[in-house]
Amino acid sequence: HPPGYPLITLLGHFFMHYLVPFGEPAWRLGVLNTIFSAIAVLCVYLTVLLVSDRNTHAALASALLFAFSPLNWLYATTPEVFALNNLFTSLLLLLLA
């Protein structure tokens, strides 16, 4: 399994039982992965904004390309660990920028 498996299990349990106590469990985890992917897209936007000397067009284009890429879209809509891994990777890039 990818490295985020225990963490997404804990976060998913907290999210499913305390933050969103309604709906099917698979739907709730899908919502959690969508939130992770949205934050990852924000991190990509901020990273490109910092690296490109405040070029908002480049940052927006990069974030949109990442957001609507087929794999990121797939990871955002399925209850798997990959959206959390995308978030960690984009957060790491933002911290290194």
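One numbering rule holds for all chains: residues counted from 1, following each sequence as written. Local features in a predicted model are, by the rule used here, given only for residues with pLDDT of at least 70; side-chain atom pairs are given and counted only at 80 or more, and totals for whole chains, interfaces and linings are based on all residues. Processing note: side-chain calculations cover all non-hydrogen atoms of the structure and skip hydrogens and water entirely.

**Focus on helix α2 (residues 25-51)**
Only runs of H or I of at least four residues qualify as helices and only runs of E of at least two qualify as strands under DSSP, and these elements are numbered from the N terminus. Multiplying 1.5 Å by the helix residue count minus one yields the expected span of that helix. Between the first and last C-alpha of α2 there are 39 Å, a value that for 27 residues agrees with the 39 Å anticipated at 1.5 Å per step. Looking only at α2, the buried set comprises R28, G30, L32, N33, F36, S37, A40, V41, C43, V44, T47 and L49. Looking at the buried residues of α2, the elements they touch are α1 (5-19), α3 (56-67), α4 (70-77) and α5 (82-96). Phi turns positive, to about 55°, at D53, one or two residues after α2. Using a 1.4 Å probe on the protein chains alone, a residue whose accessible area is under 20% of its type maximum counts as buried, one over 50% counts as exposed, and one in between counts as partly exposed. By the convention used here, residues are in contact when the closest approach between their heavy atoms is within 4.5 Å.

**Observations regarding the packing of α2 against α3**
Interaxial angles span 0 to 180 degrees and are taken between N-to-C directions of axes, which are lines fitted to C-alpha atoms, for helices over the stretch in contact. Two elements in contact, α2 and α3, have axes separated by 8 Å at closest approach and are oriented at 150°. It follows that α2 is roughly antiparallel to α3 by the angle criterion. Between α2 and α3 lies a crossing whose hand is right-handed. Residues A40, V41, V44, Y45, V48 and L49 of α2 lie in contact with α3, whose contacting residues are T56, A58, A59, L60, S62, A63, F66 and A67. In these notes the angle categories are as follows: under 35 degrees is roughly parallel, over 145 is roughly antiparallel, 65 to 115 is roughly perpendicular, and the rest is oblique. Should the near helix be turned counterclockwise from the far one by less than a right angle, the crossing is left-handed, whereas a clockwise turn marks it as right-handed.

**Details of the side chain of S90**
Tracing the chain through its elements places S90 in helix α5. Beyond its immediate stretch of four places on either side in the chain, S90 contacts A40, C43, V44 and T47.

**Let's talk about the packing of aromatic side chains**
Centre distance within 6.5 Å is the pairing criterion for rings of Phe, Tyr and Trp, where only the six-membered ring of Trp is used; planes under 30 degrees apart are then read as stacked, over 60 as edge-to-face, and the remainder as tilted. Inspection of the entire model under this criterion finds four aromatic pairs. Measuring from centroid to centroid gives 5.4 Å for F14 and Y18, while their planes differ by 45°, and the two rings are tilted. Remark: Y18 and F14 occur in helix α1; sequence separation between them is four residues, near one turn of the helix. The class for F14 is partly exposed, based on a relative accessible area of 44%. Judged by relative accessible area, Y18 falls into the exposed class, the value being 55%. Each ring, one from Y75 and one from F82, has its centre 4.8 Å from the other, and the planes form 35°; the classification is tilted.

**Details of α5**
Here α5 spans 21 Å end to end across 15 residues, near enough to the 21 Å set by a 1.5 Å rise per residue. Along α5, the residues that are buried comprise A83, L84, N85, L87, S90 and L94. Buried-residue contacts for α5 involve α1, α2 and α4.

Nothing here speaks to function; it is geometry throughout.
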